[in-house]
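Spelled out from the first residue to the last, the chains are:
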Amino acid sequence: MSRFWKFSRGIGIDLGTANTILYVQRKGVVLNQPSVVAVQNSTGKVVAVGSEARSMLGRVPLNITVYRPLRGGVIADFERAEAMIQYFVKKVKQEVKSLFFSSPNIVVCVPHGATPVERRAIHDAALTSGARSVFLIEEAMAAAMGANLPVMEPTGSMVVDIGGGTTEVAVISLGGIVCSVSVRCGGDRMDEAIVNYFRKMHNLLVGENSAERLKCALFDEHSASQELKITGREITSGRPKEISASREEVMESLEEPMSVIVDTVQKSLEQTPPELAGDISERGIVMTGGGALLSQLRVRIEEHTGVKTTVAETPLLCVAIGTGKCLDRLQEFTQMAS
């Protein structure tokens, strides 16, 4: 058994609504692709996955449909999600040359609010990729481990993981989640808010890709350009149109989803036992996920809660790294059991 573990490599999967990230033991993050699949309607054949399929959104002919098989952090379209996971795992297997990598152990993160049916769907989709066994881990726990928080110590740590479909807020101590709040509000909700804002305020229909580019432009707070170019279709005339908007205006469009996230953090703090609340007040709150890159959101959380809030060193990769650390612990447990 020890010789097997010496050479085997498991796979940790951050199965996100926006992106899927794969982590391989002793190699680190080896794949980071959009969670998108393009399918030929007549045959059901998958024609593109990941970045290639993402670039097709809003640009495909009638015989091809582009799917995002995950919504709110869970599988909404099992068939396409299964095909996507199989494709990504196969691609990683081809890149990682190892005699013991044909049937790896796989750890997949799931949102705290996922139902048993949703958890089963994620488990089964990963199992069909050729896994020896599949283990599920809470997304918030994986994020905390990836952010190097002292999750095994008798002290309170709070992590706020803002992904594409969900925001997970959890207080962790002694290797377990003491309290957790999950809301289906994240990057996708922000994109929708941008689309709705420019439809209402500028009579402009903005595509999903354009809305995401506007949101990502806010991540670079040191950008010299304060004016952002937005291209879309004027609703009344149907003509293509380009307008300019300030960074402040785009931030204004995100007011509603940001308020939901801030309120979720406050709600989680209110549920925290007093002793752990004192630890969090001293150690602060750590943000992970793509939403953590919005500096204004970090400031809002800190001002609203009165607790120092920081961003993890690699916020986009924390969950994937955490699944990898969980794999390392599975190895230790198996050795002990043998």
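Residues numbered from 1 in each chain as written. Predicted model: local features only at pLDDT ≥ 70, side-chain atom pairs only at ≥ 80, totals over all residues. Heavy atoms only, no water.

The name given to the chain in an unreviewed UniProt entry is Cell shape-determining protein MreB, with Holospora curviuscula as the source organism. Regarding the chain, the relevant UniProt record gives this comment under Subcellular location (unreviewed entry): "Cytoplasm". The Subunit (unreviewed entry) comment attached to the chain in UniProt states, word for word, "Forms polymers." (UniProt positions renumbered as here; feature names shortened; annotations may be inferred.)

Caption draft 1: Molecular detail of the overall build of the chain. Helix and strand counts for the chain come out as twelve helices and 18 strands. A globule of 338 residues ought to have a C-alpha radius of gyration of about 20 Å, and the chain, at 21 Å, matches this closely. With the C-alpha coordinates of the chain rotated into their principal frame, the extents come out at 70 × 55 × 35 Å. Expressed as a percentage of its 338 residues, the buried residues of the chain come to 51%. Long-range pairs, those at least 24 residues apart, make up 61% of the contacts in the chain between residues at least 6 apart in sequence. Split by element, the accessible area of the chain, about 15,500 Å² in all, is 51% carbon and sulfur. Between the mean site of the 36 positive side-chain charges and the mean site of the 38 negative ones, the chain shows a separation of 9 Å. (Helix = DSSP H or I, 4+ residues; strand = E, 2+ residues; numbered from the N terminus. Rg over C-alpha atoms; globule rule 2.2 N^0.38 Å. Buried < 20%, exposed > 50% of the residue type's maximum accessible area, 1.4 Å probe, protein only. Contact = heavy atoms within 4.5 Å. Areas by Shrake-Rupley, 256 points an atom, 1.4 Å probe, with all protein chains shown as cover. Lys, Arg positive; Asp, Glu negative; His and termini not counted. Charge placed at Lys NZ, Arg CZ, Asp CG, Glu CD.)

Caption draft 2: Representation of the sheet that holds strand 16 (residues 240–246) in the model. With respect to topology, three strands assemble into an open sheet ordered 14-15-16, the strand pairing being antiparallel. Looking at strand neighbours, the two that pair on one side only are strand 14 (204–205) and strand 16, the edges of this open sheet. Examined bridge by bridge, strand 15 (residues 227–234) and strand 16 share seven bridges and lie antiparallel to one another. Looking at strand 16, one finds that Thr231 is bridged to Glu242. (Pairing = 2+ DSSP bridges.)

Caption draft 3: Molecular detail of the nonpolar core. Ranked by internal contacts, the top residues of the largest apolar core, which has 38 residues, are Met158, Phe198, Ile230, Ile285 and Leu297. Domain assignment of the residues forming this core places at least three in each of domain 2 (149–185 + 254–311) and domain 3 (187–252). In contact with Met158, other than residues within four places in its own chain, are Leu149, Val169, Ala170, Val171, Val265, Ser268, Leu269, Thr272, Ile280, Gly284, Ile285 and Val286. Core analysis: the next-biggest nonpolar cluster, separate from the first, contains 27 residues, Val39, Val49, Ile85 and Phe88 among them. (Core = buried A, V, L, I, M, F, W, Y, C linked by side-chain atoms within 4.5 Å. Domains from an automatic or database assignment.)

Caption draft 4: Inspection of the pairing of strand 1 (residues 11–15) at higher detail. A large share of strand 1 lies buried, amounting to five of its five residues. Covered by surrounding structure in strand 1 are Ile11, Ile13 and Leu15 together with Gly12 and Asp14, the residues of both alternating faces. Note: strand 1 against strand 2 (residues 19–24), five bridges, orientation antiparallel. For Leu15, the partnering residue across the bridge sits in strand 2 and is Thr20. The turn joining strand 1 and strand 2, which pair antiparallel and follow one another in sequence, is formed by three residues. In this sheet, strand 9 (residues 105–110) lies alongside strand 1 in parallel orientation, the contact comprising three bridges. The residue of strand 9 that forms the bridge with Ile11 is Ile106.

Caption draft 5: Region of interest: the sheet that holds strand 5 (residues 46–49). Pairing is antiparallel across the open sheet formed by three strands, whose spatial order is 5-4-6. The open sheet has two edge strands, strand 5 and strand 6 (64–67), and neither has a second partner. Each strand axis lies, on average, 20° off the axis of its neighbour in the sheet, ignoring direction. Lying over the sheet, helix 3 (residues 78–95) contacts strand 4 (37–40), strand 5 and strand 6, oriented at roughly 65° with respect to strand 5. (Axes fitted to C-alpha atoms, helices over the stretch in contact; angles between N-to-C directions.)

Caption draft 6: Spotlight on the packing of helix 9 (residues 255–270) against helix 11 (residues 295–305). For the pair helix 9 and helix 11, interaxial distance at closest approach is 10 Å and the crossing angle is 40°. One element, helix 9, and the other, helix 11, form an angle in the oblique class. The two elements helix 9 and helix 11 cross, and the hand of that crossing is right-handed. Packed against helix 9, whose contacting residues are Glu255, Met258, Ser259, Ile261, Val262, Asp263, Val265, Gln266 and Leu269, the element helix 11 presents Leu297, Arg300, Ile301, His304 and Thr305 at the interface. (Parallel < 35°, antiparallel > 145°, perpendicular 65-115°, else oblique. Left-handed = near helix turned anticlockwise from the far one by under 90°.)

Caption draft 7: View of the layout of surface pockets. Of the pockets and cavities examined, the largest pocket occupies roughly 650 Å³. In this structure, the largest pocket is lined by 38 residues; those nearest its centre are Ala18, Asn19, Gly163, Gly164 and Gly290. Mapped onto the lining of the largest pocket, the elements with two or more residues apiece are strand 1, strand 2, strand 3 (28–34), strand 11 (157–162), helix 6 (187–202) and helix 7 (208–217). Looking at the lining of the largest pocket residue by residue, the class counts come to 13 nonpolar, 15 polar and ten charged. Of the volumes computed, that of the second largest pocket is approximately 280 Å³. In terms of lining residues, the second largest pocket is bounded by 13 residues, among which Leu57, Gly58, Gly207, Glu208 and Ser210 are the most central. Secondary-structure elements contributing two or more residues to the lining of the second largest pocket are helix 7 and strand 15. Class assignment for the residues of the lining of the second largest pocket results in three nonpolar, six polar and four charged. Counting contributing residues, the lining of the second largest pocket receives three or more from each of domain 1 (11–142 + 317–337) and domain 3 (187–252). (1 Å grid on protein atoms, 1.4 Å probe; cavity = no way out; pocket = protein on both sides within 12 Å on 5 of 7 lines; lining within 4 Å. Points joined across faces, edges and corners; volume = space filled by probe spheres on them. Nonpolar A, V, L, I, M, F, W, Y, C, P; charged D, E, K, R; others polar.)

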